[in-house]
Amino acid sequence: MRLNPNTIAVAKSNVQTASAAAATATIAAVADEYHAIDWIAVSYEGTAITGNLLVQLGGVTYFNIDIDGSTYVDRFFQFHVPMCSGNLNESAVITLSSGGSGVNGKLNVGYR
């Protein structure tokens, strides 16, 4: 396993959406390595926000949560045990769905 648990997660993906569009951070598979996701920060700005955060590792859903609010929403998800794929050589796809018409979203992922 080529994952050093003593390394610090750094924000390596920062995606901003346009109005009514999804934000997707894709972490490409690396030969003979795992990915560990330590935290995810998301925010929406607009009105009548209804969105969703989905994390898939190697095509398997590990985290799926609905996010809603009235005008501004920000959430920080800290994983005390990093979210890791079960196999080497797998990509990770983190998707913040559209928050609705007129809503802008931001997605930040800390991983190693």
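Now for a description of the structure that goes with this document. Source: prediction; values computed, not measured.

## Observations regarding the overall build of the protein
Right, on to step 1. Helix and strand counts for the protein come out as 0 helices and 8 strands.
Right, on to step 2. If you list the helices and strands of the protein from N to C, you get β-β-β-β-β-β-β-β.
Right, on to step 3. In the protein, which comprises 112 residues, the proportion classed as buried is 40%.
Right, on to step 4. Pairs at least 24 residues apart make up 78% of the contacts formed inside the protein by residues separated by at least 6 positions.
Right, on to step 5. Summing over all exposed atoms, the protein offers an accessible surface of approximately 6000 Å²; the carbon and sulfur share of this is 50%.

## Notes on the pairing of strand β8 (residues 104-111)
On a regular strand, each side chain points to the face opposite its neighbour's, so the side chains alternate between the two faces of the sheet.
Right, on to step 1. With respect to burial, β8 is a largely interior element, 6 of its 8 residues being buried.
Right, on to step 2. Pairing of strand β3 (residues 36-45) with β8, which is carried by 8 bridges, proceeds in the antiparallel orientation. The partner of Ile37 across the bridge, within β8, is Tyr111.

Reading guide: rules and limits
- Residues numbered from 1 in each chain as written.
- Predicted model: local features only at pLDDT ≥ 70, side-chain atom pairs only at ≥ 80, totals over all residues.
- Heavy atoms only, no water.
- Helix = DSSP H or I, 4+ residues; strand = E, 2+ residues; numbered from the N terminus.
- Buried < 20%, exposed > 50% of the residue type's maximum accessible area, 1.4 Å probe, protein only.
- Contact = heavy atoms within 4.5 Å.
- Areas by Shrake-Rupley, 256 points an atom, 1.4 Å probe, with all protein chains shown as cover.
- Pairing = 2+ DSSP bridges.

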